[in-house]
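Chain by chain, the residues run as shown.
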Amino acid sequence: MQFPENLKYTKTHEWVKEITGGTIEVGLSDYAQKEMGDLVFVNLPQEGDGVTAGETFADVESVKAVSEVYCPVSGIVCAVNEELMDTPESINSAPYEAWFVRIEQISGTEDLMSAEEYEAFIESENQK
Amino acid sequence: MEKKTPLYDAHVLGGGKIVPFAGYLLPVQYQSGVITEHMAVRTKAGLFDVSHMGEITFEGKDALANLQRMMTNDFTDMEKGQARYSMMCMETGGIVDDLIVYKKEEDSYLVVVNASNKDKDFQWMYEHHFGEVEIKDITDEIAQLALQGPNSLEIIQKITKEKDIPKKYYHCIFDAEVGGMKCILSRTGYTGEDGFELYLKASDARTMWDLLLSVGKEYGLIPCGLGARDTLRLEAAMPLYGHELDETITPLEADLGFAVKQNKSDYIGKKKIEEVSLIRKRVGLKVVGNGIIREHAKLFSKDEAEIGYTTSGTYCPYLEYPIAMAMVELGYSIQGTRMIAEVRGRKIEAEVVSLPFYKRIRKGGTK
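Keep in mind that what you see is a predicted model, and the values were worked out from it rather than measured. (Residues numbered from 1 in each chain as written. Chains lettered and ligands numbered in written order. Predicted model: local features only at pLDDT ≥ 70, side-chain atom pairs only at ≥ 80, totals over all residues.)

Enquirer: I'd love a proper account of the domain arrangement of chain B, names of residues and values included.
Expert: Residue and element names in this part refer to chain B. For chain B, the assigned domains are domain 1 (3-50 + 140-235) and domain 2 (277-353). Each of domain 1 and domain 2 has a C-alpha centre, and these two points are 32 Å apart. Counting residues per element, the ones that place at least two in the side of domain 1 that touches domain 2 are α2 (34-43) and α7 (226-235). Here the side of domain 1 that touches domain 2 is built from residues that sort into 3 nonpolar, 2 polar and 2 charged. (Domains from an automatic or database assignment. Helix = DSSP H or I, 4+ residues; strand = E, 2+ residues; numbered from the N terminus. Nonpolar A, V, L, I, M, F, W, Y, C, P; charged D, E, K, R; others polar.)

Shown next, in the form of structure tokens:
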């Protein structure tokens, strides 16, 4: 499993990437996609939607189950990766390229972890 | 505490993702994933551990009479080595379980039941038996493997003498020898594909599992988990107890009339099953909107009346669209009828289609 150093991670397994001046990109971690299995459907919010840190803003469906995706920050959705709706399998094959949304006007943030902290977090979760 | 099947170690070693299911620890999928496993069964071959299934024997001079009384199907014209699907119902017509009856000898039958219902079934059979019959639960002594897919026959031919291979679907050889091991070799399955189910001593299970996987490798055989088993049976529109079937649903509502023989003089539930007029029915739905409709979604007509609910639903890897099975009011069960499912607050449109969703093209000689 890979956890790029330039990203931050949440306890609910999303990754966050700072793009430029106050805009971030959100996706699902390699660990999350492995746990969920083959993804076949993605539901995304719309451009302009307000999102809240810690609340769900999208969901992904594998053959077997639906999983919710939580927003790491509060803000406004300024771009939606609509290609993902046609190619949900790209979340499995390239999780760090498969961004869900871009968010701007950020007003609050969940606790974010570094790659190293996130890896340790997964290990401790798996030992429970 | 869940039980382990004789193949638990093989699943862990093979990278299976283990989950509790019907009281057993079983792999939901291997590293290859549900879609790959599903497609292997449709195009090549897949191997499943189904040792959780229950096996109950009926022996004695009244064995047949007991089956005739307890089950909806008719077993009087069965030959030795034949299998028949049936329901076991309550007086109310509700289904206790759906099962397969194998005829071994004139006074000896094997009944294969759902793992989740096994204890309830055995209790029910014990309470309703009469005359000279011994009913025995032999589940713990027996392992069951399912080899499914178009290449299954070629794989089994590699390690079995021709005379031990059943030629027709729903037939079996009781004293077959496969890879040097005694087993019941049955041409049955729960995937909608040609294939075999092998019943064998629990102590031989691991040897048989490893042998089949190594012999089957060149035919594309891979181990498969419960996830693919569920998507395959759904695509083939096979009902699953606890979803399409339960104690409040009759066999005719479940559209399984082929397994109810109304000309039989009597069986438990006959009156209610045959005399009550149908007001609802199991149907197949193809999703025409965006999203997946899973079980327990409420269904609404165009004019927003609640008309039923889904019983199972998934994305179909082979058909490449989402499908569901549902129980709907009879007036909405006609092909082409459109309805709306409510899924997590969203509305998804679906259309009634004919069942099964997927039907294999039979090769000559299998039926």
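Enquirer: Can you tell me about helix α5 (residues 152-159) of chain B, naming the residues and giving the values?
Expert: Residue pairs spaced three or four apart in an α-helix point in one direction, given the helix's 3.6 residues per turn. Residues and elements named next belong to chain B. Within the span of α5, buried status applies to Ser152, Leu153, Ile155 and Ile156. Buried positions in α5, seen along its axis, are confined to an arc of 160° and lie on one side of it. On the buried face of α5, the contacting elements are β4 (45-49), β10 (142-148), β11 (172-178), β13 (195-201), α6 (205-216) and β14 (221-223). (Buried ≥ 20, exposed ≤ 12 C-beta atoms within 10 Å, placed from the backbone. Arc of directions from axis to C-beta. Contact = placed C-beta atoms within 7 Å.)

Enquirer: Please set out the confidence of the model for chain B residue by residue, giving values where relevant.
Expert: Predicted confidence across chain B gives a mean pLDDT of 96, with 98% of residues reaching 70 or more. Taken over the whole predicted complex, pTM reads 0.90, whereas the ipTM for its chain interfaces reads 0.73. (pLDDT = per-residue confidence, 0-100.)

Enquirer: I'd like a rundown of the packing of α5(B) against α6(B), residues and numbers included.
Expert: All names here are of chain B. Direction vectors running N to C along α5 and α6 enclose 115°, while the axes themselves pass 10 Å from each other. Comparing the axis directions of α5 and α6 gives the class roughly perpendicular. Seen along the crossing, α5 lies across α6 with a hand that is right-handed. Residue-level inspection shows Ile155, Lys158 and Ile159 of α5 in contact with α6, the latter providing Leu211, Leu212, Val215 and Gly216. Tallied by class, the residues present in the contact of α5 with α6 amount to 5 nonpolar, 1 polar and 1 charged. (Axes fitted to C-alpha atoms, helices over the stretch in contact; angles between N-to-C directions. Parallel < 35°, antiparallel > 145°, perpendicular 65-115°, else oblique. Left-handed = near helix turned anticlockwise from the far one by under 90°.)

Enquirer: For the sheet that holds strand β4 (residues 39-43) of chain A, give the residues involved together with the corresponding values.
Expert: All names here are of chain A. The strand order β4-β6-β7 describes an open sheet built from 3 strands, whose pairing is antiparallel. In the strand order of this sheet, the two ends are held by β4 and β7 (66-70), each with one partner. Mean inter-strand twist for the sheet, computed between neighbouring axes without regard to direction, equals 25°. When strand β6 (residues 56-62) meets β7, the two strands line up antiparallel, connected through 5 bridges. Residue Glu61 lies in a different strand from β7, and its bridge partner there is Val66. (Pairing = 2+ DSSP bridges.)

Enquirer: Which residues make up the packing of α2(B) against α7(B), and what values go with them?
Expert: Residues and elements named next belong to chain B. Two elements in contact, α2 and α7, have axes separated by 9 Å at closest approach and are oriented at 55°. Taken together, the axis directions place α2 and α7 in an arrangement best described as oblique. You can see that α2 and α7 cross each other, and the crossing is right-handed. In contact with Val34, Glu37, His38 and Val41 of α2, α7 contributes Gly227, Ala228, Thr231 and Leu232. Partitioned by chemical class, the residues of the contact of α2 with α7 number 4 nonpolar, 3 polar and 1 charged.

Enquirer: Please give an account of the sheet that holds strand β2 (residues 17-21) of chain B that cites residues and values.
Expert: Hydrogen bonds along the backbone pair up the strands of a sheet, which may run parallel or antiparallel. All names here are of chain B. Here 3 strands make up an open sheet; going across it, the order is β1-β3-β2 and the pairing mixed. On the outer flanks of this sheet lie β1 (3-4) and β2, each paired with one strand and no other. Pairing of β2 with strand β3 (residues 24-29) involves 5 bridges; the strand directions are antiparallel. Considered in β3, the bridge of Ile18 is made with Pro27. Here α7 sits on the sheet and contacts β2 and β3; the angle it forms with β3, its principal contact strand, is near 70°.

Enquirer: With reference to specific residues and values, describe helix α3 (residues 63-70) of chain B.
Expert: Residue and element names in this part refer to chain B. All of the buried residues in α3 are Ala63, Leu64, Asn66, Leu67 and Met70. Along the long axis of α3, the arc covered by the buried residues comes to 160°, so they all point the same way. Those residues of α3 hidden inside the fold are in contact with β5 (54-59), β6 (83-89), β7 (95-105), β8 (108-113) and α4 (118-128).

Enquirer: Account for the nonpolar core, naming residues and giving values.
Expert: One finds B:Val101, B:Val111, B:Leu145, B:Leu147, B:Leu198 and B:Ile293 to be the most contacted residues of the largest nonpolar core, which totals 129 residues. No fewer than three residues from each of domain 1 (3-50 + 140-235) and domain 2 (277-353) of chain B sit in this core. (Core = buried A, V, L, I, M, F, W, Y, C linked by C-beta atoms within 7 Å.)

Enquirer: Just give me the short version of the interface of chain B and chain A, but keep the residues and values in it.
Expert: Counting residues at the interface gives 11 residues for chain B and 8 residues for chain A. At the level of secondary structure, the elements contributing two or more residues to the side of chain B that touches chain A comprise α2, α7 and β17 (306-316) of chain B. Residues that form the side of chain B that touches chain A fall into these classes: 5 nonpolar, 6 polar and no charged.

Enquirer: Could you give me a rundown of unusual backbone geometry, with the residues and numbers involved?
Expert: At the junction of B:Leu355 and B:Pro356, the peptide bond is cis and its omega measures out at 0° in the coordinates. Checked against the element boundaries, B:Pro356 lands in the segment after β20 (346-353). Its identity is not glycine, yet A:Gln105 carries a phi of approximately 50°, on the positive side. Among the structural elements, A:Gln105 can be located in strand β9 (residues 101-109).

Enquirer: Provide a residue-level description of the pairing of strand β15 (residues 280-287) of chain B, including the pertinent values.
Expert: Residues and elements named next belong to chain B. Bridge analysis of β15 against strand β18 (residues 321-329) gives 7 bridges, and the strand direction is antiparallel. The residue of β18 that forms the bridge with Lys286 is Ile323. Two elements, β15 and β20, share 4 bridges in a ladder whose sense is antiparallel. Bridge assignment links Gly284 to a residue of β20, and that residue is Val353.

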